[in-house]
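Structure assessment
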Amino acid sequence: MSADALGAERAAALAQIEALTAEFDAIVAASQSSNADDEHDPEGATIAFERQQVAALLERARRRLADVDAAVTAVEAGTYGRCETCGGAIAPERLAARPTARTCITCAR
């Protein structure tokens, strides 16, 4: 994967983190200005559920960013495409499908 492609992946992860952070902050702000008891509301999800759902998505986006940063570091070190476990080559098809893969298919099992 090229440095440009990893840069684009990093920019996308940062944009996702920014959007999810704004959504999380909006949910928190809305719940602070409301005294609604949504725990007993049979319609839809609770505010707590929505907040935790966005928090989980935000954590996943942060892990994605960390994975991209690790791939960038591997490119810079000349180790990109090498399995961190066995040292063998990671198949190009695996890297095409998952550019931030750190292990070969065998070691990923």
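In this report, we go over the structure that sits alongside the text. Bear in mind that the values here come from a model prediction, so they are computed numbers and not experimental data.

The interhelical angle for the contact between helix 1 (residues 3-32) and helix 2 (residues 47-77), taken along N-to-C directions, is 160°, at an axis separation of 9 Å. Taken together, the axes of helix 1 and helix 2 lie roughly antiparallel to each other. For the pair helix 1 and helix 2, the crossing hand works out as left-handed. Partitioning the contact of helix 1 with helix 2 into residue classes produces 20 nonpolar, 3 polar and 8 charged.

All right, on to the nonpolar core then. Counting 8 residues, the largest nonpolar core is built from Ala13, Ile17, Leu20, Ile27, Val54, Leu58, Ala61 and Leu65. Mapped onto this core, the elements with two or more residues apiece are helix 1 and helix 2. Leu58 has contacts with Ile17, Leu20 and Thr21, leaving out every residue within four places of it along the chain. Core analysis: the next-biggest nonpolar cluster, separate from the first, contains 5 residues, Cys83, Leu95, Ala101 and Cys104 among them.

Taken as a whole, this structure holds 4 salt bridges when the rule is applied. Across the pair Glu9 and Arg64 runs a salt bridge, and its minimum N-O distance is 3.0 Å. Within this pair, whereas Glu9 is found in helix 1, its partner Arg64 is found in helix 2, the two being separated by 55 residues in sequence. Glu9 gets classed as partly exposed once you look at its relative accessible area, which sits at 26%. Judged by relative accessible area, Arg64 falls into the partly exposed class, the value being 27%. Put simply, Asp69 and Arg10 hold a salt bridge, and the shortest N to O gap is 2.6 Å. Taken together, the residues Asp69 in helix 2 and Arg10 in helix 1 connect sequence positions 59 residues apart. On the accessibility criterion, Asp69 (27% relative accessible area) is partly exposed.

Basis of the calculations
- Residues numbered from 1 in each chain as written.
- Predicted model: local features only at pLDDT ≥ 70, side-chain atom pairs only at ≥ 80, totals over all residues.
- Heavy atoms only, no water.
- Axes fitted to C-alpha atoms, helices over the stretch in contact; angles between N-to-C directions.
- Helix = DSSP H or I, 4+ residues; strand = E, 2+ residues; numbered from the N terminus.
- Parallel < 35°, antiparallel > 145°, perpendicular 65-115°, else oblique.
- Left-handed = near helix turned anticlockwise from the far one by under 90°.
- Nonpolar A, V, L, I, M, F, W, Y, C, P; charged D, E, K, R; others polar.
- Core = buried A, V, L, I, M, F, W, Y, C linked by side-chain atoms within 4.5 Å.
- Buried < 20%, exposed > 50% of the residue type's maximum accessible area, 1.4 Å probe, protein only.
- Contact = heavy atoms within 4.5 Å.
- Salt bridge = Lys/Arg side-chain N within 4 Å of Asp/Glu carboxyl O.

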